[in-house]
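Chain by chain, the residues run as shown.
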Amino acid sequence: MKTRIFVDGGAGFIGSNFIRHILLRYPKSYILNYDKLTYSGNLDNLREIAKNKRHKFIRGDIADKNKLKKAFVGFGPDYIINFAAETHVDKSIHVGAKEFIDTNIFGVFNILEEVKKNPKIKKYVQVSTDEVYGTLALGSRKLFEEKTAFQPNVPYAATKAGGDLLCRAYFKTFGLPVV
């Protein structure tokens, strides 16, 4: 049986490694790689699998509700892994947070809405960051734990926390299979 995995942000370093791993390890997996191709997304990361028939690339932004919906409907995923994010901390401070809000909050909201409409989806994995828990001093013995309270200190971290909290709310309210 085919497994269909929708990967957001699959042209980035971590996403592209994830895709290569899945294609190598799971021969019945098919991947739709949906990536905006900003500063961190690069198709060269996928060069070795560019002709793999189990991998399809679509250039798209998770903040674009209509294009995202079209990709979801056309592919019919079983699983969603969201690596897509605006991530440059300094940019969120010096340039502004709007792009971060669009991707890390509205983009996550758009994905959750598509998952809500599609009961076939078995799991949605939201990739986050430790920065939602605040900052640890260099050399600190303190560690973040699952019980650590959110304490984002920069706009980037706040937007990632916002997306994470939306995932939690959709899990609790609608029973979506989000982790």
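We now turn to the structure provided with this report. (Residues numbered from 1 in each chain as written. Predicted model: local features only at pLDDT ≥ 70, side-chain atom pairs only at ≥ 80, totals over all residues. Heavy atoms only, no water.)

### Regarding the packing of helix α2 (residues 65-75) against helix α4 (residues 98-117)
And then number 1: Direction vectors running N to C along α2 and α4 enclose 40°, while the axes themselves pass 10 Å from each other. As for the relative orientation of α2 and α4, their crossing is right-handed in sense. On α4, the residues that touch Lys-65, Leu-68, Lys-69 and Phe-72 of α2 are Asn-110, Ile-111, Glu-114 and Lys-117.
And then number 2: Its residues assigned to classes, the contact of α2 with α4 comprises 3 nonpolar, 1 polar and 4 charged. (Axes fitted to C-alpha atoms, helices over the stretch in contact; angles between N-to-C directions. Helix = DSSP H or I, 4+ residues; strand = E, 2+ residues; numbered from the N terminus. Left-handed = near helix turned anticlockwise from the far one by under 90°. Contact = heavy atoms within 4.5 Å. Nonpolar A, V, L, I, M, F, W, Y, C, P; charged D, E, K, R; others polar.)

### Section: the nonpolar core
And then number 1: With 20 residues, the main nonpolar core has Phe-6, Ile-80, Ile-111, Leu-112 and Tyr-124 as its most contacted residues.
And then number 2: Elements that contribute at least two residues to this core include exactly β2 (29-35), α2, α4 and α5 (155-174).
And then number 3: Not counting residues up to four positions away in its chain, the partners in contact with Ile-111 are Asp-8, Ile-62, Leu-68, Phe-72, Ile-80, Asn-82 and Tyr-124.
And then number 4: Core analysis: the next-biggest nonpolar cluster, separate from the first, contains 12 residues, Ile-5, Ala-11, Ile-81 and Phe-83 among them. (Core = buried A, V, L, I, M, F, W, Y, C linked by side-chain atoms within 4.5 Å. Buried < 20%, exposed > 50% of the residue type's maximum accessible area, 1.4 Å probe, protein only.)

These values are about where atoms sit, not about what they do.
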